[in-house]
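Inside the fold
Here is what each chain is made of, one letter per residue.
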Amino acid sequence: MSPSIEARNLTRRFGAFTALDHLNLKVEGSKCVGFLGPNGAGKTTTLKMFTDLIFPSEGEAFINGISVQADRKQALASCGVLIETPEIYGSLTPREALDMVGGLRGMDAPEIRERTDRVLDEVRMTEWADHKIGRFSKGMKQRVNIASTLLSDPMVLLLDEPSTGLDPRGVAEVRDIIRGLKSENRLVFFSSHLLSEVVDVCDEVALLNHGKLLFYDTLANVTGRFLAGATEVSVEFLEPVPDDLARGSIAALPGVQTWTRQDPQRLTLTIAGGPAAKARVLEGLVALHKGLVAFKESRSALEEVYLSQVTDGESA
Amino acid sequence: MSAAPVASAPGAPVEPPRADGVPGTWTQALLLSRYQLRDYLRARRFVLMMAIVAAIGAILTFVLAYFHGAGLTGSSDAFYGSTWGGGVYVVMIFSGIIFGGDAIAGEFQNKTGYFLMGLPIRRTSVYVGKFLAALGASLVAVLFYLAILVGNGAYYMGAGAFPVTLLESFGIALLYLLALLGAVFLFSSMFKNSLYAVLVVAVLFLFGFTIIEELIVALVKIEPWFIIDYARPVIAYPFTSPLPAHVVTSTGPRGGTTTTYNPTYAEGLAILTGYFLITAVAGLFFFEREEFT
């Protein structure tokens, strides 16, 4: 069977405030899906309802076709979960904590030992395997939490900002772990504030704002659909670019809408027409023979989409 | 805005391949209790509990030695009726507070619940597992206290230091401990804040219930069978002969009457059993409905 999660009319109200508003979303297959949205959009609320930590006001959440609300134990049996930064009993060691997790999941002792060694190595915690967790830093605890999530090699992974509390090296390692996971038969669904992380590891993205799903699609479709307009590109030359050249040859390149100067060698161009237009502008800039050394988007495509769809007040 | 791949029709539930191996509710509860107990026994709170018992034991030993027993060491019933029957509940109340006060509230406040509740486990297993662990840790403290008493008993009374009545009383004390922990877990389930839970439990069990019981008897003049404290004296009943009268009415010097109530043996056991069953179920009811917001 192919792994899946599904929210069916999933709604959660806290008094008069609707944190999640009739979410309908089905994610199926071996892939990695980024769950995006600003603070308070309803991401954690959604994931908590998928794990029965909070209860829906309406609707249901399904993991592999099993309702979490009807049978949480069965639904979570093939699912690894990491919500917020859980605390583990401080007097236990990572090995003991994973022993407990493996036992509760019904793994046998040799399998627990083998998987414990593997996941602790994966999160770089082998040398701390027999030290008390209570003395660990937040980042170290989060590594143990990630190890616990991976222990049973689950088909579905629900991760709520897994990089929280980690140092830059830890963030990069978590990214590598997630990237490695999606190559196997597994569905990874994770919320993140780090758009670069999502672009780096995700095949698809879902964007939530004010409790409503704005879109769920592949990265390519999302950027294609929302970025038919202009993209900001920063260009840098070895030699200074005179104003008349910028006003003339550069502004006249097909697709260039505006230009602004950053310094004598650097300009910011607004290019309309998508990737094909960008390619034509790049060729035109090279043909100027001014020593083009950089041509890069000021913001990632996903960031452009995010900013265009999510505003402080209302969704676009 | 519409979402692209949205489900329109319910998918048929499919059995995931790794679901069958998940242990049953009670097996998970026992397994969890093992690790929770290990956590308790290594924690500072356990050292604190042992220090409290050691202090109580030291004071008791000193008093017995200083007053040469003062009549207590003449018979094992008199000795254990006072030291065990009249004292073990203090040890149990402290252990209930220390091991049970934040057992459930702490799952929310300390976020340990986020670690456990992401696993395929029913809340019943978590509740029962933590209850068994608190019971186990409390029993260690109670046995330590008993060891101190038996040591003193052996010193003063030799071979008669371990009477059969002590086993009977131990059984009743165990029932009291179950009832106490049931109530402690109920309060712990009702609060998401460990401090509130511990405070309420400490106030109620250390003096709150006693005050309520006395007020009820004095003002309402009914038998306070619904207060757990009322049933506590039955712990000492195996050493008591004859048992106190159920209702004692005495007339004061100005003609007013005062009524005091003593639980019958059966009544005391029924109260403790009832407390345990009702509070355990009520506590689980609350825990099942609490959200990790």
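Quick caveat, the model's predicted, so the values are computed rather than measured. (Residues numbered from 1 in each chain as written. Chains lettered and ligands numbered in written order. Predicted model: local features only at pLDDT ≥ 70, side-chain atom pairs only at ≥ 80, totals over all residues. Heavy atoms only, no water.)

Further remarks concern the overall build of chain A. Each helix and strand counted, chain A has 11 helices and 14 strands in total. Along the first, second and third principal axes, the C-alpha atoms of chain A reach 75 × 45 × 35 Å. A buried classification covers 55% of the 316 residues belonging to chain A. Nonlocal contacts in chain A, meaning residues at least 24 apart in sequence, comprise 68% of its contacts between residues at least 6 apart. In chain A, 35 side chains carry a positive charge and 43 a negative one; their mean positions are 1 Å apart. (Helix = DSSP H or I, 4+ residues; strand = E, 2+ residues; numbered from the N terminus. Buried < 20%, exposed > 50% of the residue type's maximum accessible area, 1.4 Å probe, protein only. Contact = heavy atoms within 4.5 Å. Lys, Arg positive; Asp, Glu negative; His and termini not counted. Charge placed at Lys NZ, Arg CZ, Asp CG, Glu CD.)

The next point concerns the overall build of chain B. Looking only at helices and strands, one finds 11 helices and two strands in chain B. Taken along the three principal axes of its C-alpha coordinates, chain B extends 90 × 50 × 30 Å. Counting over 293 residues, chain B shows a buried share of 51%. For chain B, the share of sequence-separated contacts (at least 6 apart) that also reach a separation of at least 24 residues comes to 78%. Roughly 13200 Å² of accessible area belongs to chain B as shown, and the carbon and sulfur atoms make up 69% of that amount. (Areas by Shrake-Rupley, 256 points an atom, 1.4 Å probe, with all protein chains shown as cover.)

Residue position: Leu135(B) is located in helix 7 (residues 123-157). Leu135(B) gets classed as buried once you look at its relative accessible area, which sits at 14%.

The next point concerns the sheet that holds strand 8 (residues 187-191) of chain A. Residues and elements named next belong to chain A. Reading across the sheet, the six strands line up as 6-7-8-3-9-10 and stay open at both edges, with mixed pairing between neighbours. Bordering the open sheet on either side are strand 6 (79-82) and strand 10 (212-218), each of which pairs with just one other strand. Each adjacent strand pair in this sheet contributes to an overall mean axis angle of 10°, direction not counted. By the bridge criterion, six bridges tie strand 9 (residues 204-209) to strand 10 in an arrangement that is antiparallel. Residue pairing across strands places Ala206 opposite Tyr216, the latter belonging to strand 10. This element, helix 11 (residues 301-309), spans strand 3 (31-36), strand 9 and strand 10 of the sheet and lies at about 20° to strand 9. (Pairing = 2+ DSSP bridges. Axes fitted to C-alpha atoms, helices over the stretch in contact; angles between N-to-C directions.)

This part covers the domain arrangement of chain A. Residue and element names in this part refer to chain A. As assigned here, chain A comprises domain 1 (4-218) and domain 2 (227-308). Using C-alpha coordinates to define each centre, domain 1 is positioned 40 Å away from domain 2. In this assembly, nine residues from domain 1 lie in contact with five residues from domain 2. Summing the contributions of domain 1 and of domain 2, the shared interface buries around 540 Å²; its carbon and sulfur component is 87%. Between domain 1 and domain 2 we count zero salt bridges in total. Remark: the boundary between domain 1 and domain 2 carries zero residue pairs in polar contact (both at pLDDT 80 or more). (Domains from an automatic or database assignment. Buried area = accessible area lost by both parts, 1.4 Å probe. Salt bridge = Lys/Arg side-chain N within 4 Å of Asp/Glu carboxyl O. Polar contact = N/O pair within 3.5 Å; in protein donor to acceptor, adjacent residues only side chain to side chain.)

Think of interface size as the accessible area that goes away when the parts come together; that is how it is often given. Between chain A and chain B, the residue contacts involve 60 residues of the former and 52 residues of the latter. Both faces considered, chain A and chain B share a buried interface measuring about 4800 Å² in area, 59% of it formed by carbon and sulfur atoms. Ranking the residues of chain A by area buried against chain B places Lys73(A), Tyr89(A) and Leu104(A) at the top, with a combined share of 18%. Summed over the shared surface of chain A and chain B, the number is five salt bridges. Ionic pairing is found between Glu96(A) and Arg42(B), a salt bridge with its closest N-O pair at 2.6 Å. At the surface where chain A touches chain B, the tally comes to 22 residue pairs in polar contact (both at pLDDT 80 or more). Within the residue set of the side of chain A that touches chain B, elements represented by two or more residues are strand 1 (4-14), strand 2 (17-28), helix 2 (72-76), strand 6, helix 3 (94-104), helix 5 (138-150), strand 10 and helix 8 (219-226) of chain A. With seven residues, helix 3 of chain A is the largest single contributor of residues to the side of chain A that touches chain B. Residue composition of the side of chain A that touches chain B, by class: 27 nonpolar, 15 polar and 18 charged. (Nonpolar A, V, L, I, M, F, W, Y, C, P; charged D, E, K, R; others polar.)

Our focus in this paragraph is the pattern of salt bridges. Scanning the entire structure with this criterion turns up 29 salt bridges over all chains. Between Lys111(B) and Glu84(A) there is a salt bridge, with its nearest N and O atoms 2.7 Å apart. A residue pair is termed interchain when its members come from two chains, as with Lys111(B) in the loop between helix 5 (105-109) and helix 6 (112-116) and Glu84(A) in the loop between strand 6 and helix 3. On the accessibility criterion, Glu84(A) (23% relative accessible area) is partly exposed. Between Arg261(A) and Asp243(A) there is a salt bridge; the shortest N-O distance is 2.7 Å. Pair noted here: Arg261(A) is in strand 12 (residues 256-263) and Asp243(A) is in helix 9 (residues 243-250), with a separation of 18 residues, a long-range link. Exposure remark for Arg261(A): the relative accessible area of 32% places this residue in the partly exposed category. Here Asp243(A) falls in the partly exposed class, since its relative accessible area comes to 37%.

Residue and element names in this part refer to chain A. Taken together, four strands build an open sheet; the order of strands is 12-13-11-14 and the sheet is antiparallel. Every other strand in the sheet has two partners, leaving strand 12 and strand 14 (292-297) as the edge strands with one partner each. Direction aside, neighbouring strands of the sheet carry axes that sit 20° apart on average. The strands that helix 9 touches are strand 11 (230-237), strand 12 and strand 13 (266-272); relative to strand 12, the one it contacts most, it runs at about 160°.

The next subject is the state of the cysteines. As enumerated under the stated definition, the model contains zero disulfides over all chains in all. Free cysteine: Cys79(A), not disulfide-bonded; nearest cysteine sulfur from Cys32(A) at 14 Å. (Disulfide = S-S within 2.5 Å.)

What follows concerns helix 11 (residues 265-289) of chain B. Residue and element names in this part refer to chain B. Taking 1.5 Å as the rise per residue, helix 11 with 25 residues should run 36 Å; its terminal C-alpha atoms sit 37 Å apart, in good agreement. Those residues of helix 11 not exposed but buried are Glu267, Gly268, Ile271, Leu272, Tyr275, Thr279, Ala280, Gly283 and Phe287. Among the structural elements, helix 5, helix 7, helix 8 (164-190) and helix 10 (228-231) are those in contact with the buried residues of helix 11. (Expected span 1.5 Å × (residues − 1).)

Counting residues in each nonpolar core, the largest one holds 163 residues, and the members touching the most others are Ile63(A), Trp84(B) and Phe205(B). When residues are assigned to domains, this core turns out to be shared by domain 1 (4-218) and domain 2 (227-308) of chain A, each giving three or more. Excluding anything up to four places from it in sequence, Trp84(B) contacts Phe79(B), Val142(B), Tyr145(B), Leu146(B), Leu149(B), Leu166(B), Ser169(B), Phe170(B), Ala173(B), Ile235(B) and Phe239(B). Counting 15 residues, the second largest nonpolar core, distinct from the first, contains Val235(A), Phe237(A), Leu245(A) and Leu269(A). (Core = buried A, V, L, I, M, F, W, Y, C linked by side-chain atoms within 4.5 Å.)

A surface patch of nonpolar side chains, amounting to about 940 Å² of accessible area, comprises Val203(B), Leu206(B), Phe207(B), Ile211(B), Leu215(B), Leu219(B), Val220(B), Ile222(B), Trp225(B) and Phe226(B). Positionally, Leu206(B) belongs in helix 9 (residues 194-220). (Patch = residues over 30% accessible without salt bridge, like charges linked within 9 Å, V, L, I, M, F, W, Y side chains within 5 Å.)

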